[in-house]
Amino acid sequence: MRRSKVLLLGSILAFGAIVLPLAVTSYLAWRIADRYEEASLSGYAQLALQRATTSLAEIGKVLEQMNALEFETCSQQHIAAMRLATINNVAVDEIGYLNDQRFVCTSWGEASHLMSTVEVDFVLNDDLQGNIDVRPLGGYRHNMIALRNGRYNVLFDPRRLADVTVAEGDVGVAISHANGTLLSIGGNHDDDMREAVRRVLMQESDSDHRGSVAAEGDIVAIAIASKPPAFATVLEQGWIILPLSLALSALGISAITAMSRRQLSLASELASAIRRKKLSVHYQPVIDLKTGDCVGAEALVRWFKSNGTSVRPDIFVDVAEETGQIRALTDLVIETTMRELGPAMRRDRSLHVAINLSADDVSSGRFLPILERILARYDVLHEQIWLEATERGFPEMEAVRETVAKARALGFKIAIDDFGTGYSSLSYIESIRLDALKIDKSFIDSIGQDLATSSVTPHIIDMAKSLDLITVAEGIETREQLNYLEQHGVALGQGWLFAKAMPARDFVAFVAAHRKKISASGTA
Ligand SMILES: Nc1nc2c(ncn2[C@@H]2O[C@@H]3COP(=O)(O)O[C@H]4[C@@H](O)[C@H](n5cnc6c(=O)[nH]c(N)nc65)O[C@@H]4COP(=O)(O)O[C@H]3[C@H]2O)c(=O)[nH]1
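One numbering rule holds for all chains: residues counted from 1, following each sequence as written. Where totals are concerned, whole chains, interfaces and linings use all residues; where local detail is concerned, this predicted model gives features only for residues with pLDDT of at least 70, and gives and counts side-chain atom pairs only at 80 or more. Where side-chain values are given, they derive from all heavy atoms of the structure, hydrogens and water being excluded.

Visitor: I'd like a description of the overall build of the chain, backed by residues and values.
Guide: Only DSSP runs of H or I covering at least 4 residues are called helices, and only runs of E covering at least 2 are called strands; the numbering of each starts at the N terminus. From N to C terminus, the chain includes 15 helices and 20 strands. Any residue under 20% of the maximum accessible area for its type is buried, any over 50% is exposed, and the rest in between are partly exposed; the area is computed with a 1.4 Å probe on protein chains only. Within the chain, the proportion of its 524 residues that are buried is 45%. Contacts spanning at least 24 positions in sequence make up 61% of the contacts within the chain whose residues lie at least 6 apart. About 27,400 Å² of surface is accessible on the chain, with carbon and sulfur atoms providing 54% of the total. What makes two residues a contact is simply this: any of their non-hydrogen atoms within 4.5 Å. Shrake-Rupley sampling with a 1.4 Å probe provides the accessible areas, and residues are treated as covered by the protein chains on show and by no other component.

Right, dumping it as structure tokens:
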């Protein structure tokens with residue numbers, strides 16, 4: 001990646017590191033507030049239900065007791081008993097005695113007035129008949145609820161049913177009968193809240209309020225509150241959000257800064273290493289599996305830093321590709337390889353060296369004239385050079401086909417690296433003329449193992465052979481793998497079983513020693 005790209009990506013990531021924690025923590029704060037609100041409304045509804053059912057049970061009991069008493073109708077004792085029951089039971093405000101829908105006496109004394117209505121608004125426990133909005137005689141300021149059983153009628157203040165103290169804001173509490181008759185509304189309520197309660201009872205949707213409902217028998221309790229806008233809830237939780245998101249953002253930004261710095265410094269260190277020709281090349285022997293002869297090598301770039309550490313090629317080759325330094329890297333590898341191995345290859349025309357190409361090299365083909373020039377300088381033949389391209393690096397098929405055709409026409413050998421790991425193996429192999437296939441190490445690893453790829457390996461080998469291409473197995477580490485590959489007719493192989501990649505001088509010595517060993521065993 002170029003410096004400007006790293007900076008741009010760093011800025012985008014930094015922006016994300018600020019916005020993302022803020023969004024996540026805001027969402028969490030909103031969820032926490034939402035849960036809290038839900039729990040507190042549910043608590044109010046339960047409390048109101050408990051209040052209402054206790055009061056109504058008390059009234060039901062008083063009515064039952066009164067019906068069980070036997071007095072002369074509206075005698076002094078009768079009226080005194082009704083008065084005493086009113087005084088002793090806080091849920092009861094007045095008791096009346098009925099004779100044919102007319103009150104003949106109440107807990108206040110003798111009376112003679114008709115019931116205000118004969119229609120029943122609700123029934124409790126199958127035996128208590130109830131009416132709401134009853135306007136009693138005797139100077140009460142509020143309408144009452146009447147509950148009747150037998151000849152007795154109890155009046156009580158409906159506010160007692162929903163008498164719940166709400167701690168915060170606009171929370172309304174209501175008690176209703178299961179048939180939808182609103183019995184009482186309390187808490188901090190207004191007309192809006194009444195309408196909201198009605199909507200909850202009618203199960204109508206209401207985007208401005210949220211409610212919680214609790215029910216027992218015929219009684220339903222509702223706690224309701226107006227919904228604050230989401231961002232207001234989030235702002236209220238600012239004390240959680242801000243420090244948390246600031247901490248997360250700081251963490252994210254420092255990680256991104258460190259990453260960008262590392263990327264920038266690795267890229268610029270690599271640029272300097274290439275410019276000062278501080279990269280080296282090691283050579284991994286390629287062995288003829290039939291004869292055991294060393295027939296060539298793969299050139300593998302190495303970066304040993306002056307401080308004694310080294311960077312893995314798969315890391316810095318990627319950086320070189322991303323930062324546009326890969327061309328210079330390829331050129332340096334070609335030049336170094338020819339300088340170091342050229343004389344040995346001139347002496348031994350059967351030796352080849354494989355050079356790794358990047359996607360950019362294969363697409364552009366611009367390295368070909370450079371390679372030609374250097375070959376001429378060291379008097380190395382074209383067919384001694386294998387050009388390795390990985391199938392993952394074939395973005396522009398047409399350009400690849402052109403470069404490969406040009407290179408083959410010049411006499412270079414073309415090998416596909418990591419065969420079997422790409423997506424389009426068959427399609428491009430049929431459309432491009434190649435010389436060799438390098439079977440990826442992952443397939444070699446699976447030999448003799450119970451791995452998912454194990455059953456694929458013989459097919460990959462057969463496919464490579466049926467295409468009449470030279471087959472090269474990569475990453476041979478065990479004798480078992482070697483025997484298997486020999487039996488399956490794989491031509492060439494490389495791997496730690498034979499040797500790791502080594503400096504040029506060691507490689508030349510390796511070839512000589514190897515040949516000596518082979519000829520000694522041949523003559524023996
Ligand atoms: N575990 C194990 N590993 C084995 C064995 N035999 C060989 N290897 C390793 O497998 C890798 C083979 O190279 P590759 O597939 O081309 O994969 C290469 C290639 O894609 C890239 N690379 C290396 N040199 C160059 C270069 O000069 N130019 C370009 N463009 N890429 C290069 O870096 C990759 C990694 O290279 P290395 O780290 O040198 O890793 C090398 C080699 O050291 C074995 O028996 N066991």
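From this point on, the discussion continues.
Visitor: For the site of the ligand, give the residues involved together with the corresponding values.
Guide: Here a residue is near a molecule or strand as soon as one of its heavy atoms is found within 4 Å of it. In the region of the ligand, 20 residues are neighbours, and Gln-284, Arg-302, Asp-417, Glu-477 and Trp-496 sit closest. The term polar contact refers here to a pair of N or O atoms within 3.5 Å; inside protein, the definition further demands a hydrogen-donor-capable atom paired with an acceptor-capable atom, and it admits residues adjacent in sequence only when both atoms are side-chain atoms. One of the side-chain N or O atoms of Gln-284 is found 2.9 Å from a nitrogen atom in the ligand. Of all elements in the fold, only β13 (294-304), α6 (313-322), β15 (352-357) and β17 (413-419) reach the threshold of two or more residues within the shell around the ligand. Ranked by residues supplied to the shell around the ligand, first place goes to β13 with four residues. Any residue that is not Ala, Val, Leu, Ile, Met, Phe, Trp, Tyr, Cys, Pro, Asp, Glu, Lys or Arg is counted as polar, Gly included; the first ten are nonpolar and the last four charged. In the shell around the ligand, the residues fall into eight nonpolar, four polar and eight charged.

Visitor: Mind laying out the sheet that holds strand β11 (residues 219-226), listing which residues take part and the relevant values?
Guide: A sheet is described by the order of its strands in space; here four strands give the open sequence β9-β8-β11-β10, paired in antiparallel fashion. Across the chains shown, the open sheet's two edge strands, defined by having one partner strand only, are β9 (182-187) and β10 (209-216). In this sheet, neighbouring strand axes are inclined to one another by 20 degrees on average, regardless of whether the strands run parallel or antiparallel. Here the rule is simple: two strands pair whenever DSSP picks up at least two bridges between them. The pairing of β10 with β11 spans eight bridges and is classified as antiparallel. Looking at the pairing, Val-213 lines up with Ile-222 of β11. Sheet strands touched by helix α3 (residues 191-201): β8 (171-177), β9, β10 and β11. Its angle to β11, the strand with the most contacts, is close to 130 degrees. Only the contacting stretch of a helix is used when fitting its axis, a line to C-alpha atoms as for every element, and angles between N-to-C directions run 0 to 180 degrees.

Visitor: Give a description of a nonpolar patch on the surface that names residues and reports values.
Guide: Residues Leu-20, Val-24, Tyr-27, Leu-28 and Ile-32 make up a contiguous nonpolar surface patch of about 480 Å² in total accessible area. The topology assignment puts Leu-28 in helix α1 (residues 3-68). For patch building, the residue pool is restricted to those with more than 30% relative accessible area and no salt bridge; the joining distance is 9 Å between like charges and 5 Å between nonpolar side chains (Val, Leu, Ile, Met, Phe, Trp, Tyr). One speaks of a salt bridge when a side-chain nitrogen belonging to Lys or Arg is within 4 Å of a carboxyl oxygen belonging to Asp or Glu.

Visitor: Can you explain the environment of Ala-513? Please cite residues and give values.
Guide: Among the secondary structure elements, Ala-513 is positioned in helix α15 (residues 504-523). What makes Ala-513 partly exposed here is its relative accessible area of 46%. In this structure the C-alpha to C-alpha distance between Ala-513 and Cys-294, which are 219 residues apart in sequence, comes to 9.9 Å.

Visitor: Any chance you could break down the state of the cysteines for me, citing the residues and the numbers?
Guide: Criterion for a disulfide: a pair of cysteine sulfur atoms at a distance within 2.5 Å. Considering all chains together, one arrives at one disulfide under this definition. Sulfur-sulfur distance for the disulfide between Cys-74 and Cys-105 comes to 2.1 Å. Its torsion about the S-S bond being -85 degrees, the disulfide of Cys-74 and Cys-105 is classed as left-handed. You can see Cys-74 sitting in the loop between α1 and α2 (76-88) and its partner Cys-105 sitting in strand β2 (residues 102-106), a full 31 residues away along the chain. Judged on exposure class, the residue Cys-74 and its partner Cys-105 are both buried.

So, to be careful, I would describe these as geometric facts and stop short of saying anything about function.
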